Amino acid sequence: MDTTHGIIYILDLIGTSAFAFSGALRAMDRRPDFIGMLILGGVTAIGGGMIRDALLGNRAGVLVDANYMYVILASILVLYWFPSSFWKRNNLFNYFDAFGFGVFSGVAANIGVHDPELHFLSVVILAVLTGCGGGVIRDVIIQKPSLPLSDELYVTPVILGALSLVLVHHCGWGGPWNELCGFLSAFFITTGLRLVAIYYDMRLPRVLFNFPTRE
């Protein structure tokens, strides 16, 4: 494994941990048991990646690399043993989610941009589905409003991040470090914009229409 792929792999594992935390934290108010937390954290952490691999016709990475499962298990154990340390910090869910969102969408865009059969819009779609997939499955399971369907600035950062990766790749910026530069641009733009949106409560405008009340 070369340096670029090594860095991306390590960040992918950290992102898996972040999404596992966010998945379990999202449902902490339901007081789930350990297995429930493991299911929610696991679905959030691997759901998007499995959607990506299914679309590309690849074997899911989590099935061939046990490190992903070890990371998920360790993350849930920490949260299970020290729930109050995390629950007292209300914004931790958003921060974990933003980090995992940036990593997973960046990994997906990086894979897509090196597939000669995919055009740049396919790369963006792949990044969005990978970044949002696990969270959407999680929210369906716990019956909470899905963040991508709200007016929060959630999907827009990953679109801009994926487009930046495509631009870096096609312009050849970074020379021998082009792949790493592309991935890091997607990661920092996606995560950075998401954190700014959280901090300043930035939202997209809603539909300008007064819907009639249903009787």
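Computed from a predicted model, the values in this text were never measured in an experiment.

### Details of the packing of aromatic side chains
Then step 1. Enumeration according to the criterion identifies nine aromatic pairs in this entry.
Then step 2. Seen in terms of ring centroids, Phe21 and Phe86 are 5.3 Å apart; in terms of plane orientation they differ by 25°. Their pairing is stacked. On the criterion of sequence distance, the pair formed by Phe21 in helix 1 (residues 3-26) and Phe86 in helix 5 (residues 83-87) is long-range, its members being 65 residues apart. In terms of burial, Phe21 and Phe86 fall into one category: buried.
Then step 3. Note on Phe101 and Tyr154: the rings are 4.6 Å apart at their centroids and 25° apart in plane angle, and the pair reads as stacked. Remark: Tyr154 occurs in the loop between helix 7 (120-142) and helix 8 (155-171) and Phe101 occurs in helix 6 (residues 92-113); sequence separation between them is 53 residues. Note on accessibility: Phe101 and Tyr154 belong to one class, buried.
Then step 4. What links up through ring pairs into an aromatic cluster is the set Phe21, Phe86 and Phe96.

### With respect to the packing of helix 1 against helix 4 (residues 67-81)
Then step 1. Between helix 1 and helix 4, the shortest axis-to-axis distance is 9 Å and the interhelical angle comes to 40°. By the angle class used here, helix 1 and helix 4 are oblique. The handedness of the crossing between helix 1 and helix 4 is right-handed. Residues Tyr9, Asp12, Leu13, Thr16, Ser17, Ala20, Phe21, Ala24 and Leu25 of helix 1 pack against Asn67, Tyr68, Val71, Ile72, Ser75, Ile76, Val78 and Leu79 of helix 4.
Then step 2. Of the residues that constitute the contact of helix 1 with helix 4, the class distribution is 12 nonpolar, four polar and one charged.

### Considerations on helix 2 (residues 34-56)
Then step 1. Taking 1.5 Å of rise per residue, 23 residues should cover 33 Å, and helix 2 covers 33 Å from first to last C-alpha, within 8% of that figure.
Then step 2. Most pronounced at Ile46, the bend in helix 2 amounts to some 40°.
Then step 3. For helix 2, the N-terminal capping position is held by Asp33, with its side-chain oxygen 3.3 Å away from the main-chain nitrogen of Ile35.
Then step 4. Just beyond helix 2, the residue with positive phi is Gly57, at close to 75°.

### Brief notes about the nonpolar core
Then step 1. Leu25, Met37, Ile76, Leu79, Phe86, Phe101 and Ala109 are the most contacted members of the largest nonpolar core, which has 38 residues in total.
Then step 2. Among the elements that take part in this core, helix 6 stands out by supplying eight residues, more than any other.
Then step 3. The contacts of Phe101, once residues within four sequence positions are left out, are Phe19, Gly131, Cys132, Tyr154, Val158 and Thr190.
Then step 4. Listed in part, the six residues of the second largest apolar core include Ala60, Val62, Tyr68 and Val71.

### A closer look at the environment of Phe93
Then step 1. As for its placement among the helices and strands, Phe93 is situated in helix 6.
Then step 2. The spacing of Phe93 and Trp81 is 12 residues in sequence and 17 Å in space, taken between C-alpha atoms.
Then step 3. Residues contacting Phe93, with those up to four places away along its chain left out, are Ser22, Leu25, Arg26, Arg138 and Leu147.

Calculation notes
- Residues numbered from 1 in each chain as written.
- Predicted model: local features only at pLDDT ≥ 70, side-chain atom pairs only at ≥ 80, totals over all residues.
- Heavy atoms only, no water.
- Phe/Tyr/Trp six-rings, centres within 6.5 Å; stacked < 30°, edge-to-face > 60°.
- Helix = DSSP H or I, 4+ residues; strand = E, 2+ residues; numbered from the N terminus.
- Buried < 20%, exposed > 50% of the residue type's maximum accessible area, 1.4 Å probe, protein only.
- Axes fitted to C-alpha atoms, helices over the stretch in contact; angles between N-to-C directions.
- Parallel < 35°, antiparallel > 145°, perpendicular 65-115°, else oblique.
- Left-handed = near helix turned anticlockwise from the far one by under 90°.
- Contact = heavy atoms within 4.5 Å.
- Nonpolar A, V, L, I, M, F, W, Y, C, P; charged D, E, K, R; others polar.
- Expected span 1.5 Å × (residues − 1).
- Bend = angle between axes of the 7 residues up to and from the residue.
- Polar contact = N/O pair within 3.5 Å; in protein donor to acceptor, adjacent residues only side chain to side chain.
- Core = buried A, V, L, I, M, F, W, Y, C linked by side-chain atoms within 4.5 Å.

Bear in mind that shape data such as this cannot, by itself, settle questions of function.
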